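# Working through the structure, step by step
If you want the building blocks of each chain, they are given just below.
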Amino acid sequence: MPRIEPLTPPYPAPIDQALRRWMPPGVTHEPLTLFRVLHRNPELASRMFALGAGLLGHGLLPAIDREIIIARVTARTGCAYEWGAHAATLAQQAGLSQEQLQATTDIDVAANTAWLPRHAALLNAVDELHDTAQLSQPAWDSLGVHYEDAQLLEFLVLAGWYRTISYLANGLLLEEEPWGAPFPAQ
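Per-chain numbering applies: the sequence of each chain, read as written, is numbered from 1 onward. With the structure being a predicted model, the display of local features is reserved for residues of pLDDT at least 70 and the display and counting of side-chain atom pairs for 80 or more, all residues being used for whole-chain, interface and lining totals. Excluding hydrogens and water, the side-chain values take into account all heavy atoms of the structure.

## What to know about the nonpolar core
Think of a nonpolar core as a cluster: buried Ala, Val, Leu, Ile, Met, Phe, Trp, Tyr and Cys residues, connected wherever their side-chain atoms sit within 4.5 Å. Accessible area is worked out with a 1.4 Å probe on protein chains only. A residue is then buried under 20% of its type maximum, exposed over 50%, and partly exposed in between. Formed by 38 residues in total, the largest nonpolar core has its most connected members in Ile-69, Leu-143 and Phe-155. Sorting the residues of this core by element identifies helix H1 (13-22), helix H2 (33-38), helix H3 (42-57), helix H4 (63-76), helix H5 (80-88), helix H9 (117-132) and helix H11 (149-171) as the ones contributing at least two each. Helix numbering and strand numbering both begin at the N terminus, where a helix is a DSSP run of H or I of at least 4 residues and a strand a DSSP run of E of at least 2. Top element by residues in this core is H11. It accounts for 8 residues. For this analysis, residues touch if any pair of their heavy atoms sits within 4.5 Å. With residues near it in sequence (within four places) discarded, Ile-69 still touches Leu-61, Leu-122, Val-126, Phe-155, Leu-158 and Ala-159.

The structure is reproduced here in structure tokens:
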């Protein structure tokens with residue numbers, strides 16, 4: 001049971017409109033539990049929407065790179081909720097295989113799958129940020145071979161954003177969405 005109860009239908013009209021904006025068109029299930037909890041504070045939710053939607057819908061990183069970053073950040077933070085939501089939908093749409101998704105949860109992720117060099121650089125950088133909250137010059141240089149400055153900035157914000165989302169989901173004790181991919185057993 002989440003620490004803060006998610007809103008349930010019927011939603012007040014402004015909340016209903018806001019929740020619909022957070023969901024992709026054509027989705028038949030209820031808005032995500034995280035979104036329904038966040039709307040207990042509509043002002044906070046609206047401020048978070050701008051960044052989250054911008055990163056997912058208007059980013060400069062290729063979709064597969066974005067989803068590798070998200071999968072690794074949420075795996076490293078043990079956030080089964082967010083890992084499963086992305087693994088079930090956006091990661092597969094972006095082209096991540098089941099083997100790659102599984103590998104994002106492994107301790108030595110780079111050794112377990114034949115990653116493209118840019119993806120290995122991303123995974124290494126996510127791990128460094130997770131472990132040290134810093135990025136070494138070699139890790140930065142490895143990213144710089146593959147990405148422009150604007151994409152590097154986006155990488156840092158994206159990794160930090162999903163760490164924040166992981167803190168929310170884990171701190172709230174959110175259970176995995178029923179349609180989400182199960183987080184692999186370690």
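After that view, the rundown keeps rolling.
## Here we look at the packing of aromatic side chains
For Phe, Tyr and Trp, rings pair up if their centres lie within 6.5 Å, where Trp contributes its six-membered ring, and each pair is then called stacked (planes under 30 degrees apart), edge-to-face (over 60) or tilted (otherwise). Under the counting rule described, the total for this entry stands at 3 aromatic pairs. Seen from their ring centres, Trp-22 and Phe-35 are 4.5 Å apart, and the 65° between their planes marks the pair as edge-to-face. Of this pair, Trp-22 sits in helix H1 while Phe-35 sits in helix H2; the two residues are 13 residues apart in sequence, bridging distant segments of the chain. This pair shows no difference in class: Trp-22 is buried, exactly as Phe-35 is. With a centroid separation of 5.4 Å and 90° between ring planes, the pair formed by Trp-83 and Phe-183 is classed as edge-to-face. With Trp-83 in helix H5 and Phe-183 in the segment after H11, this pair connects stretches of sequence that are 100 residues apart. Overall, the relative accessible area of 4% leaves Trp-83 in the buried class.

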